[in-house]
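What follows is the residue order along each chain.
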Amino acid sequence: MDKKITLKAQIRNNNSNVQDKKQVNSYIPAVIYGRNIKNQNLLINENDFNHIYSIAGESNLINLEINNKPPVKVLVKDVQKNPIKDNFIHIDFYKVDMNKKITAEIPLNFIGESKAVKELGGMLVRNMDVIEIECMPNDLVNNINVDLSTLNLLNDVIYISDLKLSDGLKMISEINKVIISVVEPIKEEEAAEEEKAEDK
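Residues numbered from 1 in each chain as written. Predicted model: local features only at pLDDT ≥ 70, side-chain atom pairs only at ≥ 80, totals over all residues. Heavy atoms only, no water.

## Thoughts on the sheet that holds strand S10 (residues 144-147)
Judged by pairing direction, the sheet is mixed, and its four strands sit side by side in the order S10-S7-S9-S12 without closing on themselves. Where the open sheet ends on each side, the last strands, each with one partner, are S10 and strand S12 (170-171). The pairing of strand S9 (residues 130-135) with S12 spans two bridges and is classified as antiparallel. When the bridges of S12 are listed, Glu134 appears paired with Lys170. (Pairing = 2+ DSSP bridges. Helix = DSSP H or I, 4+ residues; strand = E, 2+ residues; numbered from the N terminus.)

## A look at unusual backbone geometry
Positioned with a positive phi, Asn67 is a non-glycine residue whose angle comes to about 55°. Position of Asn67 relative to the elements: it lies in the loop between strand S4 (62-66) and strand S5 (72-81). For Asn67, a relative accessible area of 40% translates into the label partly exposed. Positive phi is not limited to glycine here, since Asp86 has a value of about 65°. The residue Asp86 is located in the loop between S5 and strand S6 (88-95) in this model. (Buried < 20%, exposed > 50% of the residue type's maximum accessible area, 1.4 Å probe, protein only.)

## With respect to the sheet that holds strand S2 (residues 27-34)
Ordered in space as S1-S3-S2-S6-S5-S4, the six strands form a closed barrel in which the pairing is mixed. Sheet twist, expressed as the mean angle between neighbouring strand axes with direction ignored, is 45°. For strand S1 (residues 6-11) and S4, the ladder comprises four bridges, and the chain directions are parallel. Its bridge partner being in S4, Ala9 is matched across the sheet by Ile66. Running at roughly 90° to strand S3 (residues 40-45), helix H2 (residues 46-56) makes contact with S1, S2, S3, S4, S5 and S6 of the sheet. (Axes fitted to C-alpha atoms, helices over the stretch in contact; angles between N-to-C directions. Contact = heavy atoms within 4.5 Å.)

## Side note on the side chain of Asn63
Inspection of the secondary structure assignment puts Asn63 in strand S4. In this view, Asn63 contacts Lys4, Ile5, Thr6, Leu7, Pro71, Val72 and Lys73; residues no more than four positions away in its chain are not counted.

## Points about the packing of aromatic side chains
A full pass over the atoms with the stated rule returns five aromatic pairs. With centroids separated by 5.2 Å and ring planes inclined at 75°, the aromatic side chains of Tyr53 and Phe88 adopt a geometry described as edge-to-face. Taken together, the residues span a long stretch of sequence, with Tyr53 in helix H2 and Phe88 in strand S6 at a distance of 35 residues. A relative accessible area of 11% means that Phe88 is categorised as buried. Here a set of aromatic residues connected by ring pairs shows up, and it is made of Phe49, Tyr53, Phe88 and Phe93. In this structure, Lys81 packs its charged tip against the face of Phe88, placed 4.8 Å from the ring centre. (Phe/Tyr/Trp six-rings, centres within 6.5 Å; stacked < 30°, edge-to-face > 60°. Lys NZ or Arg CZ within 6 Å of the ring centre and 35° of its normal.)

Here it is as structure tokens:
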């Protein structure tokens, strides 16, 4: 991604300026770690992070400004959510060394239309939504396209090895794994039998 993504943070400690309970609830606790950096506990504005995460996800570099100091390049390495409210409750940031290769999970972007689905009534079975790659930080991409138009017949399959990667990206995921396939449609009799089995 060419566009610079900037997120502000403040160091979380006993002397934090965020005192009032209502204000505390609008911030997400976080931690930053990585090579040549001391682990630091942070606070991130919830609204700011929700916006940035919707753009950057876990596969784009973020310029993290801590206490208004010069930004450091980070990736979101992990997030935790409240299982009931579905809001973020903790974030892990990894400080990236721009001169060293990193591994990252890149989302798959499914494009095109399958002839086997459209004309033969096949059903798509998706086995994965991300793949793991290795690259220099500046070579990171938003996503990797998976072209469904290559699925022309029932039982056709797209493997990881079929993907076309940009220059600078190296596959880490096993290339013989199936990303998506087309299976024969379930017949009405079979569907009825499955429903009966589920009801028992």
